[in-house]
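Per-entry structural report
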Amino acid sequence: MSISVDMSDLKMPKHIAIIMDGNGRWAQNRFMPRTVGHRAGVKSVRNVVEYCANKNVEVLTLFAFSSENWRRPAAEVELLMGLFMSSLQREINRLDKRNVCLRFIGDITAFNDKLQQKMLEAELQTQGNSALTLVIAVNYGGRWDLCQATQKVIDKMSIGALEKQEITEQLINDHLSTAGLPEPDLFIRTGGEQRVSNFMLWQLAYTEMYFTSTLWPDFDQSVLEEAVRSFNGRQRRFGHTSEQVLNQAITL
Ligand code: IPE
Ligand code: IPE
Ligand code: MG
């Protein structure tokens, strides 16, 4: 009798958030320009979206471009923008047919008008879809998110629509770019670095972290499954004791 755990026995995280890292090194290992790695990474995005839609994951967030990535050479930034635009154009109808709802988080005002327009259209086209919410973080930074939430809150206070005492964790949640989404249950970073790089600083407070040395273009469903297995072996305590969780005296 086999004791191996079937994937169907595994509990799926509701929300998986991924830092897709290692494209440049993947290409450099092959003596090719970094940009080749970015192109190769698009296939991994397709695979992980397909997996999550099939396995009833509710939300998948992918970190595509950070607020700090503008510091890269202009040619690389330009290529990333172009790739982003062409992928969006090419994939949107397929995502729509797959019943995927697309949402962008980040300061998109930094992008050219055409790209901003495409992003808004993609959100509108897919807003009624329910198989998976695919959140793409572009020009996103966790610190930016907290700043823009603070600005919104202060705007409301300044017109008397909000009192200081009403500022609660829930209220902050409601003003972050991720408002309405569940917090990530599982965070994955590919490429071997073990840091958060200004990703969802507030939202990751109780997220389970998984780091893999696999470079993003090599990331496939089997690596994702490994991460989900690891997630299943964790005991999430949210401040309680292990005994409390085991006795299910509390609802998590
Ligand atoms: C991640 O891969 C993609 C983006 C940050 C846009 P990198 O380009 O950071 O790849 P490495 O880390 O240099 O290998
Ligand atoms: C984080 O990767 C951002 C994205 C994957 C979009 P980086 O490669 O930019 O992170 P650092 O600079 O190594 O921390
Ligand atoms: Mg990197």
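Up top you'll find the structure we're talking about.
These figures come from a predicted structure and were not determined experimentally.

**Things to note about the side chain of E91**
Looking at the element boundaries, E91 is found in helix 3 (residues 74-97). One polar contact links E91 to R46, side chain to side chain, over a distance of 3.0 Å. Engagement of the side chain of E91 in a polar contact is seen with the side chain of R94, the distance being 2.6 Å.

**Here we look at the packing of aromatic side chains**
Here the structure, examined in full by the defined rule, presents twelve aromatic pairs. Centroid distance F84 to F111: 6.4 Å. Interplanar angle 55°. Geometry classified as tilted. Here the residue F84 occupies a position in helix 3, and F111 occupies one in the loop between strand 3 (100-105) and helix 4 (113-126), the gap between them amounting to 27 residues. When sorted by exposure, F84 lands in the same class as F111, which is buried. Centre to centre, the rings of F187 and F199 are 6.4 Å apart; their planes meet at 50°, and the pair counts as tilted. With F187 in strand 5 (residues 186-189) and F199 in the loop between strand 5 and strand 6 (208-211), the pair connects residues that are twelve residues apart, well separated along the chain. Joined through ring pairs, the aromatic side chains of F63, Y140, W144, F187, F199 and F211 make up one cluster. In this arrangement the basic side chain of R30 is found over the ring face of W26, its NZ or CZ atom lying 4.0 Å from the centre.

**What to know about empty space enclosed by the protein**
Enumeration over the complete set of coordinates arrives at one cavity of 30 Å³ or more. Its volume calculated, the largest cavity comes out at about 30 Å³. Surrounding the largest cavity, R46, V49, E50, R94, L95 and R98 form its lining. Those elements giving two or more residues to the lining of the largest cavity turn out to be helix 2 (34-54) and helix 3. Looking at the lining of the largest cavity, the element that brings in the most residues is helix 2, giving three residues. Residues that form the lining of the largest cavity fall into these classes: two nonpolar, no polar and four charged.

**Some words on the pattern of salt bridges**
Under the counting rule described, the total for this entry stands at 15 salt bridges. Residues D21 and R189 are paired through a salt bridge, measuring 2.9 Å at the closest nitrogen-oxygen approach. Here the residue D21 occupies a position in the loop between strand 1 (15-19) and helix 1 (23-28), and R189 occupies one in strand 5, the gap between them amounting to 168 residues. Relative accessible area serves as the criterion here: at 5%, R189 is assigned to the buried category. Salt bridges here are not isolated pairs; linked through shared partners, they connect D21, R25, R189, E193 and R195.

**Some points on the site of ligand 2**
Residues in close proximity to ligand 2 include I19, M20, D21, F63, A64, F65, S66, N69, R72, R189, R195 and S197, which together make up its full environment. Contacts to ligand 2 include R189, whose side-chain N or O atom sits 3.3 Å from an oxygen atom. In isolation ligand 2 has 390 Å² of accessible area, and contact with the protein removes 77% of it. Judged by the fraction of its atoms near the pocket grid, ligand 2 is located in the largest pocket. For the shell around ligand 2, the class distribution of residues is five nonpolar, three polar and four charged.

Conventions used here
Within every chain, residues take consecutive numbers counted from 1 along the sequence as written. Each chain gets a letter, beginning with A, and each ligand a number, beginning with 1, in the order they are written. Per-residue local features of the predicted model are confined to residues with pLDDT of at least 70, and side-chain atom pairs are confined, for both listing and counting, to 80 or more; whole-chain, interface and lining totals are unaffected and use all residues. Hydrogens and water molecules were not included; the side-chain quantities draw on all heavy atoms of the structure. Helix numbers and strand numbers start at the N terminus; a helix is a DSSP run of H or I with at least 4 residues, a strand a run of E with at least 2. Pairs of N or O atoms within 3.5 Å make up the polar contacts considered here, provided that, within protein, one atom can donate a hydrogen while the other can accept it, and that residues adjacent in sequence are counted only when both atoms are side-chain atoms. Aromatic rings from Phe, Tyr and Trp, with only the six-membered ring used for Trp, were paired whenever their centres fell within 6.5 Å, and each pair was classed as stacked if the ring planes differed by under 30 degrees, edge-to-face if by over 60, and tilted otherwise. Partly exposed describes any residue whose relative accessible area lies between the buried limit of under 20% and the exposed limit of over 50%, with all areas from a 1.4 Å probe on protein chains only and scaled to the type maximum. Only lysine NZ and arginine CZ atoms are considered, and such an atom sits over a ring when it is within 6 Å of the ring centre and within 35 degrees of the ring normal. Detection works on a 1 Å grid of protein atoms alone, calling trapped sets that fit a 1.4 Å probe cavities and calling open sets with protein on both sides within 12 Å along at least five of seven lines pockets, with lining residues defined by an atom within 4 Å of a point. Grid points are joined across faces, edges and corners, and a volume is the space filled by probe spheres set on the points. Asp, Glu, Lys and Arg are counted as charged, while Ala, Val, Leu, Ile, Met, Phe, Trp, Tyr, Cys and Pro are counted as nonpolar; the rest, among them Gly, fall into the polar class. Salt bridge, as used here, is a side-chain nitrogen of Lys or Arg placed within 4 Å of a carboxyl oxygen of Asp or Glu. In these notes, residues near a molecule or strand are those with any non-hydrogen atom within 4 Å of it. Note on areas: Shrake-Rupley, 1.4 Å probe, and residue coverage restricted to the protein chains presented here. In this description, a molecule resides in a pocket or cavity if more than half of its atoms sit within 2 Å of the grid points defining it.

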